[in-house]
Number of protein chains: 2
Amino acid sequence: MKLASLKNGQRDGSLVVVDRKLTTCVGVPQIALTLQQAIETWGVAAPKLKAVYDQLNAGTAAGAGPFSPQRAESPLPRAFQFLDGSVYLSHMRKARKARGAEMPANFETEPLMYQAVSDGFIGPLDDMPLPTDELGVDMEAEVAVMVDDVPMGITADQAGKHIKLVMLLNDYTLRVTLDELPQWDGDKLNLPLISFVNGKRIGAPHAGKDMYFNYPQLIAHAARTRKLGAGTIIGAGTVANKDEAAGSSCIAELRANEEIENGKASTPFLKFGDRVRIEMLDEAGQTIFGAIDQKVVKA
Amino acid sequence: MKLASLKNGQRDGSLVVVDRKLTTCVGVPQIALTLQQAIETWGVAAPKLKAVYDQLNAGTAAGAGPFSPQRAESPLPRAFQFLDGSVYLSHMRKARKARGAEMPANFETEPLMYQAVSDGFIGPLDDMPLPTDELGVDMEAEVAVMVDDVPMGITADQAGKHIKLVMLLNDYTLRVTLDELPQWDGDKLNLPLISFVNGKRIGAPHAGKDMYFNYPQLIAHAARTRKLGAGTIIGAGTVANKDEAAGSSCIAELRANEEIENGKASTPFLKFGDRVRIEMLDEAGQTIFGAIDQKVVKA
């Protein structure tokens, strides 16, 4: 099942179901007005949404129309919580080396995770407005999951069942799903994540490889001393592989590689007018989430 | 004007207006169902809420009933953002000394601020459920503000006008207001914040003194490279004064004082069954926000 939120002039957008090929969609106000409402009532809402999805794929859904990614909000345009981990250790090592910092003492026993900004995500094709492009603007291509209500103290064994949706994320977010993904093994998503800057491919590291902690482990870590509200988004940090041939999901890492090889970084951080594209394709080359494609602009 | 949210079995509670003395309240579904809805439409909602508040104080509000703090949720039971600063430097110095850390290099030029948990606040008289009391459980008595939509890049000069509500907060939150407070000078709240552990007063530092950055400066700092969504809560960190006679708003600081004076800390962190009380009184001794009064319990 694939879900999106369309721009409607409201802060939370309007929930639509999108067909597998991302060509048609249909509003589902009779089930839930917003994705937040759907995730809060997932047990009841999910089977109804699935029925609409099946009709949509069969071409029989009443009221269906074309799906335009330009009209898409972030799947959840604002969230009560966004927790971002950093579990691809080769990324963490490079990012820290670049700024002369050591790895944290407990990096092998406890996932590094922080509370991230969640009060407003931009849409997958929206401009990225910034006050200046002199602050080392970077992208970070990630795979994130969304959970329903998670009780405090849950174990990693039990945490997986709270994962309801998967999405791509550019330290901002695109389109959402789960049962849809044969490449999802319950703990991680086994596909390369492809990143471009101004049309140039900068990397396609495999999101299922070299993941030191998986999503259920991240959820259990976050819920150790508190419960997590429905609609909490959990990222796993910038996707990176040990194999440098896989390329990078952010510019900081490219620059770290350049420093190590040439003594100085040559790839610039993002400037106004630069364009970032992040996408994941299935084995047949079909886009799964649709692309995040965003231009940096002056706010 | 004083606002509260009452427990109603929903995630966001129901908004009520409370009279100045905190004895009666009235629901306002015709204006806004929730505080989130009110803050998103503040320009329209505030004058209507104020009219109800005036009627309530005059004893003429239709449908008014007794206000029971036991039924109160946190004013905003969940928020899309909670940013917590640390602007009382004597607290930061002690907390860092206690763990052997240095002050950050730029502590005098940039406020220390972090993204805090906001997906679920407990009510002012609710139990504080924890999986264990072996993790150095502490309280932190703070004064926080709530803003409407804040544009990116706002200056501190302009940020103050976005502050709509003021509340007490125990790294968790209680009851909300603003024009109500003659002690609010536009930048900070000039009253002592009184904290108790198990009925013993541990301090009453003055929230308007020794505040190295004020609320508009914190807001401008947070909005430097992004806008802030309506309903964002901004804390200023644990209230602390240079004058140690004012006492403390958390246990970590008491322990730091004990270490410095006696070579070892004797005040224990919170255990199951311990009770925390945080309150602010006006010059006449009248409670302004009502008290936060919470017991630590096993989750």
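Values in this document were obtained by computation on a predicted structure and should not be read as measured data.

Novice: Account for empty space enclosed by the protein, with residues named and values stated.
Specialist: Taken as a whole and assessed by the stated rule, the structure comprises one cavity of 30 Å³ or more. In this structure, the largest cavity encloses a volume near 40 Å³. Along the walls of the largest cavity sit Phe80(A), Gln81(A), Phe82(A), Gln115(A), Ala116(A), Ser118(A), Phe80(B), Gln81(B), Phe82(B), Gln115(B), Ala116(B) and Ser118(B), which together make up its complete lining. Those elements giving two or more residues to the lining of the largest cavity turn out to be strand 6 (112-116) of chain A together with strand 6 (112-116) of chain B. Residues that form the lining of the largest cavity fall into these classes: six nonpolar, six polar and no charged.

Novice: Pulling in residues and values, what's your account of the pairing of strand 15 (residues 292-298) of chain A?
Specialist: Remember that side chains alternate between the two faces of the sheet whenever the strand is regular. All names here are of chain A. Taken across its seven residues, strand 15 has five buried, putting it largely inside the fold. Note: strand 14 (residues 275-279) against strand 15, four bridges, orientation antiparallel. Looking at the pairing, Ile278 lines up with Ile292 of strand 15.

Novice: Provide a residue-level description of the relation of the copies chain B and chain A, including the pertinent values.
Specialist: By a simple turn and slide, chain B fits onto chain A: the slide is 0.0 Å along the axis, the RMSD is 0.0 Å, and the turn is 180°. The superposition operator between the copies reduces to a two-fold rotation axis. Considering only C-alpha atoms, the residue of chain B closest to the rotation axis is Phe80(B), which sits at 2.2 Å. Of all interface residues in chain B, 96% are interface residues in chain A too; the two copies therefore contact each other through one and the same surface.

Novice: How would you sum up unusual backbone geometry? Please name residues and give values.
Specialist: A positive phi angle, close to 50°, is found at Asn198(A), a residue other than glycine. Following the sequence through the fold, Asn198(A) ends up in the loop between strand 11 (194-197) and strand 12 (200-203). Using a relative accessible area of 45% as the deciding quantity, one classes Asn198(A) as partly exposed. Unlike most non-glycine residues, Leu22(B) shows phi in positive territory, near 65°. Along the chain, the position of Leu22(B) falls in the loop between strand 2 (14-18) and strand 3 (24-27). You can call Leu22(B) buried: its relative accessible area is 10%.

Novice: Account for the sheet that holds strand 11 (residues 194-197) of chain B, naming residues and giving values.
Specialist: Residues and elements named next belong to chain B. Here five strands make up an open sheet; going across it, the order is 7-15-14-11-12 and the pairing mixed. Among the strands making up the open sheet, the edge pair consists of strand 7 (128-130) and strand 12 (200-203). Taking each pair of neighbouring strands and ignoring which way they run, the sheet shows an average axis angle of 25°. Bridging between strand 7 and strand 15 (residues 292-298) involves three bridges; their strand directions are parallel. The residue of strand 15 that forms the bridge with Met128 is Val296.

Novice: I'd like a description of the sheet that holds strand 7 (residues 128-130) of chain A, backed by residues and values.
Specialist: Note: strands within a sheet are paired through backbone hydrogen bonds, in either parallel or antiparallel orientation. All names here are of chain A. Spatially, the five strands line up as an open sheet ordered 7-15-14-11-12, and their pairing is mixed. Edge positions in the sheet fall to strand 7 and strand 12, since each has one partner strand and no second. Each strand axis lies, on average, 25° off the axis of its neighbour in the sheet, ignoring direction.

Novice: Residue-level account of the side chain of Asn257(A), with values.
Specialist: All names here are of chain A. With respect to the element layout, Asn257 can be found in helix 6 (residues 251-262). Take Asn257: its relative accessible area is 13%, and that puts it in the buried class. Leave out the neighbours within four places in its chain, and Asn257 touches Lys94, Glu244 and Ser248.

Novice: Explain the packing of aromatic side chains residue by residue, including any values.
Specialist: Residue and element names in this part refer to chain A. Inspection of every chain in the model, using the stated rule, returns seven aromatic pairs over all chains. Here the aromatic rings of Phe82 and Phe121 are separated by 5.9 Å at their centres, their planes lie at 65°, and the arrangement is edge-to-face. Of the two residues, Phe82 sits in strand 5 (residues 82-86) while Phe121 sits in the loop between strand 6 and strand 7, which places them 39 residues apart along the sequence. For the pair Phe82 and Phe121, a shared accessibility class is recorded, and that class is buried. Aromatic pair Trp184 and Tyr215: ring centres 5.7 Å apart, planes at 40°, arrangement tilted. In this pair, Trp184 sits in the loop between strand 10 (174-177) and strand 11 while Tyr215 sits in helix 5 (residues 215-222), placing the two residues 31 residues apart along the sequence.

Novice: Describe helix 6 (residues 251-262) of chain B, with residues and values.
Specialist: Residue and element names in this part refer to chain B. Its twelve residues give helix 6 an end-to-end C-alpha distance of 16 Å, which sits within 8% of 16 Å, the value for a rise of 1.5 Å per residue. When we look at burial in helix 6, the residues that qualify are Ile251, Glu253, Leu254, Ala256, Asn257 and Glu258. Backbone geometry just after helix 6 places Gly263 at a positive phi near 80°.

Novice: Tell me about the pattern of salt bridges, and please be specific about residues and values.
Specialist: Per the stated rule, a full pass over the model turns up 22 salt bridges over all chains. For Lys7(B), the salt bridge identified is with Asp126(B), shortest N-O distance 2.8 Å. Placement of Lys7(B) in the loop between strand 1 (2-6) and strand 2 and of Asp126(B) in the loop between strand 6 and strand 7 is noted, with a sequence separation of 119 residues between them. Between Lys50(B) and Asp54(B) there is a salt bridge, with the nearest N and O atoms lying 3.1 Å from each other. Taken together, the positions of Lys50(B) and Asp54(B), both in helix 2 (residues 42-58) and four residues apart, correspond to about one turn of that helix. Judged by relative accessible area, Asp54(B) falls into the partly exposed class, the value being 39%. A single network of salt bridges, built from pairs that share partners, joins Arg11(A), Asp12(A), Arg78(A), Glu40(B) and Asp149(B).

Thresholds applied
- Residues numbered from 1 in each chain as written.
- Chains lettered and ligands numbered in written order.
- Predicted model: local features only at pLDDT ≥ 70, side-chain atom pairs only at ≥ 80, totals over all residues.
- Heavy atoms only, no water.
- 1 Å grid on protein atoms, 1.4 Å probe; cavity = no way out; pocket = protein on both sides within 12 Å on 5 of 7 lines; lining within 4 Å.
- Points joined across faces, edges and corners; volume = space filled by probe spheres on them.
- Helix = DSSP H or I, 4+ residues; strand = E, 2+ residues; numbered from the N terminus.
- Nonpolar A, V, L, I, M, F, W, Y, C, P; charged D, E, K, R; others polar.
- Buried < 20%, exposed > 50% of the residue type's maximum accessible area, 1.4 Å probe, protein only.
- Pairing = 2+ DSSP bridges.
- Least-squares fit on C-alpha atoms with pLDDT ≥ 70 in both.
- Contact = heavy atoms within 4.5 Å.
- Axes fitted to C-alpha atoms, helices over the stretch in contact; angles between N-to-C directions.
- Phe/Tyr/Trp six-rings, centres within 6.5 Å; stacked < 30°, edge-to-face > 60°.
- Expected span 1.5 Å × (residues − 1).
- Salt bridge = Lys/Arg side-chain N within 4 Å of Asp/Glu carboxyl O.

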